[in-house]
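Read off the chains here:
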Amino acid sequence: MGLLIRPLAPAPFESELPQARLTVTPASAGWRYVSFTVYHLRAGQRLAGAAEGQETLVIVLTGVGEARLNGQALGEVGERLSVFEEHAPYALYLSVDGRYEIVSRSEQMEIAVAAAPASERHLPARLIRPEDISLEIRGSGQTERHIRHILDTDQEAERLIAVEVITPGGNWSSFPPHKHDSENPPHESYLEETYYHHIQPADGFALQRVYTYDGLDETLAVHDGELVLVPRGYHTVAAVPGCDLYYLNIMAGPRRVWQYQVDAAFRRLLPPSGSITGSVLRPGSGLPGR
C-alpha cells in the first residue's frame, strides 16, 4: 500500500447498509497501532459496532443522528453540515468492551471510526460534546491554522490522539516539518498517524510531503476525501491558494505522548519556546473570523 489512500466509489443507492468509503488497518498500512474507517450514511441508515478489545473513537464529521452508547440512549449527536463550519464535532469514546449505534436523521452523515490496541483498563465510555473540545490557534501569518482537540493528551484515553485542523487557503500546516517515528523519550515518541482530508471547494487540492533523509520522499497531491499515511519521516502540508484545507489526524503508539523532532533545516523558525504549539482557547470556542 502506498501513502495515499483514495475512497471507494459510492455504493448503489438501494444499498441498505452504510458504506465504508475508506479503511486502513494495521495489516494494510504495515504498522502496529492505528485503524481508521470512514462511513457514509443516508437518512435512516444505522451504523453499529463494538470495540472488541480496541480503544475506539467514533467521530460524527457531518450530519445529525441519534446515538446509543453501551445501550444507553444519548439523544441527538451532530450539528454541522460541513467540517468547515465553526463547530467542533461530537464523538463517542469506547473502551475495550464498549458498543455503539448511530441512526442517521439527516439526508447524509459522515462518520469516522478510529481504533488502537488497548489493555484491560476499562476506561469509562463517554460522549464528547463540542463544548468539551478546545480550540488552538497555531502558527502565524502563512502558517496559521486552527486546531480542535477532540481527544488529546490532556483527556483520558490509552493510546488514541485525535485532532481536527483547518488551514486557510495559501497557508502551510503541520509546520515546521517534524517527525515522531522513534521511541526516544523525552525527545521523541513513536506515533503512527493518518491524515483524512477535505478540501473547500471540493474540486481543489492540497499538497503533502512525507520524507526522510534515507530514501523516503513523497510529495502527494491530495483531493477531497483522500487519506495520507505517515508511518515515519518528517511531514508537512500546504493548502493551495483559494482552497481551504481540513484534515482529521489520528495518532497512536506505545506511549500516549506527542514528542517530536523538527527537521534541523527548519529549527530556526521555531519560537523561543522551541514548541510548535500555540494558544489554546476555551472549550467550545468557534473558529475566529479570518
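From a predicted model like this one, the values you see are computed outputs, not experimental measurements. (Residues numbered from 1 in each chain as written. Predicted model: local features only at pLDDT ≥ 70, side-chain atom pairs only at ≥ 80, totals over all residues. Heavy atoms only, no water.)

Residues and numbers for the sheet that holds strand β9 (residues 99-104), please.
Strand order in the open sheet formed by four strands is β4-β9-β6-β7, with antiparallel pairing between adjacent strands. Of all the strands in the sheet, just β4 (46-50) and β7 (72-77) have a single pairing partner and so form its edges. Averaged over all pairs of adjacent strands, the angle between strand axes in this sheet comes to 15°, irrespective of strand direction. (Pairing = 2+ DSSP bridges. Helix = DSSP H or I, 4+ residues; strand = E, 2+ residues; numbered from the N terminus. Axes fitted to C-alpha atoms, helices over the stretch in contact; angles between N-to-C directions.)

I'd like a description of the pattern of salt bridges, backed by residues and values.
Within this structure, the stated rule accounts for eleven salt bridges. The residue R46 makes a salt bridge to E101 at a minimum N-O spacing of 3.3 Å. Taken together, the residues R46 in strand β4 and E101 in strand β9 connect sequence positions 55 residues apart. On the basis of relative accessibility, which here comes to 46%, the residue R46 falls in the partly exposed class. Residue classification places E101 among the partly exposed positions, given a relative accessible area of 23%. R255 is paired through a salt bridge with E183; the nearest N and O atoms lie 2.8 Å apart. Residue R255 is located in the loop between β21 (244-252) and β22 (261-262), and its partner E183 is located in the loop between β15 (172-179) and β16 (192-200); the two are separated by 72 residues in the primary sequence. Residue classification places E183 among the partly exposed positions, given a relative accessible area of 38%. If you follow the salt bridges from partner to partner, you end up with R80, R148 and E164 in one network. (Salt bridge = Lys/Arg side-chain N within 4 Å of Asp/Glu carboxyl O. Buried < 20%, exposed > 50% of the residue type's maximum accessible area, 1.4 Å probe, protein only.)

Please give an account of unusual backbone geometry that cites residues and values.
In this structure, P176 follows F175 across a cis peptide bond, with omega equal to 0°. Among the structural elements, P176 can be located in strand β15. With omega at 0°, the peptide bond leading from P185 into P186 counts as cis. By secondary structure assignment, the location of P186 is in the loop between β15 and β16. Residues other than glycine seldom take positive phi values, yet E52 does so here, at roughly 50°. Along the polypeptide, E52 turns up in the loop between β4 and β5 (54-62). You can call E52 exposed: its relative accessible area is 71%. Its identity as a non-glycine residue notwithstanding, N70 has a phi of 55°, on the positive side.

Talk me through the confidence of the model for the chain; I want residue IDs and the actual numbers.
Where the model shows low pLDDT, its predicted coordinates should not be examined in detail. Summing up the model confidence of the chain, the mean pLDDT is 92 and the portion of residues at 70 or higher is 92%. Every residue in residues 282-290 scores below 50 in pLDDT, and together they form 25 contacts with partners more than four places removed in sequence or on other chains. (pLDDT = per-residue confidence, 0-100. Contact = heavy atoms within 4.5 Å.)

I'd love a proper account of the side chain of E136, names of residues and values included.
Tracing the backbone through its elements, the reader meets E136 in strand β12 (residues 134-138). Polar side-chain contacts of E136 include one of 2.9 Å to the side chain of H149. (Polar contact = N/O pair within 3.5 Å; in protein donor to acceptor, adjacent residues only side chain to side chain.)

Residue-level account of the packing of aromatic side chains, with values.
Inspection of every chain in the model, using the stated rule, returns ten aromatic pairs. Ring centres of W172 and F175 lie 6.0 Å apart, and the angle between their planes is 55°; on these two criteria the pair is classed as tilted. With relative accessibility at 16%, the residue F175 sits in the buried group. With a centroid separation of 5.7 Å and 75° between ring planes, the pair formed by F175 and F266 is classed as edge-to-face. Here F175 is found in strand β15, whereas its partner F266 is found in the loop between β22 and β23 (279-280), with 91 residues between them in sequence. Take F266: its relative accessible area is 24%, and that puts it in the partly exposed class. Aromatic ring contacts, followed pair by pair, group W172, F175 and F266 into a single cluster. The ring of Y93 has R126 sitting right over it, with the charged end atom 4.6 Å from the ring centre. The ring of Y211 has R209 lying over it, and the distance from NZ or CZ to the ring centre is 3.8 Å. (Phe/Tyr/Trp six-rings, centres within 6.5 Å; stacked < 30°, edge-to-face > 60°. Lys NZ or Arg CZ within 6 Å of the ring centre and 35° of its normal.)

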